Amino acid sequence: MSKVAKKNILIVGSSAAEYALAAKFSSCDMVDKVFAAPGNKMIAEYAECVDIREDSPQELLEFALKNRIYLTVASSVNAIKADIGGFFQANDQLIFAPSASGAQFATGRASGKKFMYRLHIPTPKFGVFEKEQPATDYIKNSPMPVVIGPDEVNENSVQAACTTVNLAKTCISDLFLRNELRVVIEEFSGGTEFTLYVITDGYHVLPLLPVRDYKFLEDGNAGLLTCGMGAFAPDYKVSDFVVNCVMNNVRNLLSSLEKRQTPYMGILGIDCVLTAEDRFVTLGFTPFLKDHHAPLVLDLLDENLFTLLEACAVGSFADDYEGIKLNGLSGISAVLYSRTAGNIITGTELLEDETDLTPFNISKNEYLEYVTIKGRNLILTRTASTLTRAKELLYDDIDAVNFDGKKFRSDICN
C-alpha cells in the first residue's frame, strides 16, 4: 500500500494563536513541513519562519507557489484585512481564511455592531463616533457603566469599562489623542461572558464549543479591560437552547453574506453575555480563535485539524462533517501578565508538558530563559477529565512559573 504524500502548510501571523496552530500541525502525520510568515522566535520552535509581512498577499502567494504549499491558514486579523483569503482563492491557491469583504463584520467593532442591528441580533445599545465632541455628548445621557474602545481591538488597544461620566470623557479624549479613526461606545452588559466558536465553509456551519471568557485583569472583573486573561471550556452554563439560538443567528448572518456574494469561510467566534439563564446578548465577533482560547480549543478537539481545515478550503465540508467531535475532556487556561519588561521568567522547565505553555511575542535570552514583555506574556493550559482537576493542575503550574510582578486571575472557574 502506497504512502500518502505529506503536505506543506503555511501559517500567516505571529501571535499566540499562530504558535498553537504551528504546534498542532507539527505533530500531524499528514503534514511534512510547517512554515510561518512572519512568525517569531517562539513559533520557530515548531515552524520555519519566513520574513514576509502578514499583509503582503503577492509575496506570500509567490512563496506558496515556490515552496509547494498545499494549504495556507491565514489566522491573524492583519492577514485577513489584507485580503489574503480572497487573493489566494482568485489565484487557485488553497487557503483557509475568509476574504476581507466577507470578514469585515468581524474585523471591526463598528461594522459588527451595524451588521447585528440590521439582522435584528440582540446587542447592547451602542454608538459609533469619528469625533470627540459627539462622543462626549452621547455619554452624558448614557446609563453607566459603559464600555469604550476603538473600532479595531488589539494588544495595544485602550479599552475601558467606565463607571462615571468624567471617567468616560477622559477615556474618549485619550482614544482620539491616539488618533483612533472611530470610537465605539456601548452599554455594559453584566453577566457571564462566553464565546461560541463555529467553523464554516461559508455555507455549511457547525459549532465547535462554548468557551467561558475572562477579560478583566483583576479577580471579580475589576481593573483593566484586556484582550483576555483566562478561559475554560466547555462552558456548561451555556445551555443547548442558548447554543441553538446563537447558531440560528450565525446561519442568518452567513445567509446574508452569501446573498452579498461575500461568504465567510473560516473559524468564527461569537462573543456573548448570558444576562439570564436562557437569555443573552451578542457583543461582537472574532475572526479565528482568540490568542488565549486557541491552545484550549485545539486541545479539546478530537478531529484531525489538517483534514478539517482542508475540507472547508476544498468545498467538501458539508459532505465530510455532520458534527465536530470533541475528546470529552475539560480544559482551563490562564494568562500570566507583567506590568514591566525585561524580567527573567523561571520555572517553565518544571511544567509536566511544555505544550501546556503558549508564549505571546516574547523572547529568550542567551541562557534560553524567557524574558517578560509589558502586558500578556504566557498562556498556561491544562486539560483533565473534570474541570475541577484541570483547575488544580493549572494553578500548580502557575505556582511553578515565576517572575517579578507576575499577575494572573485566581478566580478562573470558581
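What counts, and where the lines are drawn
Residues numbered from 1 in each chain as written. Predicted model: local features only at pLDDT ≥ 70, side-chain atom pairs only at ≥ 80, totals over all residues. Heavy atoms only, no water. Axes fitted to C-alpha atoms, helices over the stretch in contact; angles between N-to-C directions. Helix = DSSP H or I, 4+ residues; strand = E, 2+ residues; numbered from the N terminus. Parallel < 35°, antiparallel > 145°, perpendicular 65-115°, else oblique. Left-handed = near helix turned anticlockwise from the far one by under 90°. Contact = heavy atoms within 4.5 Å. Nonpolar A, V, L, I, M, F, W, Y, C, P; charged D, E, K, R; others polar. Pairing = 2+ DSSP bridges. Buried < 20%, exposed > 50% of the residue type's maximum accessible area, 1.4 Å probe, protein only. Polar contact = N/O pair within 3.5 Å; in protein donor to acceptor, adjacent residues only side chain to side chain.

Novice: Teacher, can you tell me more about the packing of helix H7 (residues 132–140) against helix H8 (residues 165–177) here?
Specialist: The angle between the axes and the distance between the axes are what describe a pair of packed helices. One can describe the packing of H7 onto H8 by two numbers: an axis separation of 10 Å at closest approach and a directional angle of 160 degrees. As the angle between them shows, H7 and H8 are arranged roughly antiparallel. In this structure, H7 meets H8 at a crossing whose hand is right-handed. Contact residues: H7 offers Glu132, Ala135, Thr136, Ile139 and Lys140, while H8 offers Val165, Ala168, Lys169, Ile172, Ser173 and Phe176. Grouping the constituent residues of the contact of H7 with H8 by class yields six nonpolar, two polar and three charged.

Novice: What am I meant to see in the sheet that holds strand E7 (residues 146–150) here?
Specialist: Paired through their backbone hydrogen bonds, the strands of a sheet run either parallel or antiparallel. With antiparallel pairing, the four strands of this open sheet are ordered in space as E6-E9-E7-E8. Either end of the sheet is taken by a strand with one partner, and the two such strands are strand E6 (126–129) and strand E8 (160–162). Going across the sheet, the axis of each strand differs from the next one's by a mean of 20 degrees, ignoring polarity. Relative to strand E9 (residues 183–187), E7 is paired through five bridges, and the arrangement is antiparallel. Across the sheet, the residue bridging to Val147 is Glu186, located in E9.

Novice: Is there a simple way to think about the side chain of Asn40 in this case?
Specialist: By secondary structure assignment, the location of Asn40 is in the loop between strand E2 (31–38) and strand E3 (48–49). Judged by its relative accessible area of 11%, Asn40 is buried. Among the polar contacts listed, one links the side chain of Asn40 to the backbone nitrogen of Met42, at a separation of 2.9 Å. Here Asn40 is in contact with Ser14, Cys49 and Asn361, once residues within four sequence places are set aside.

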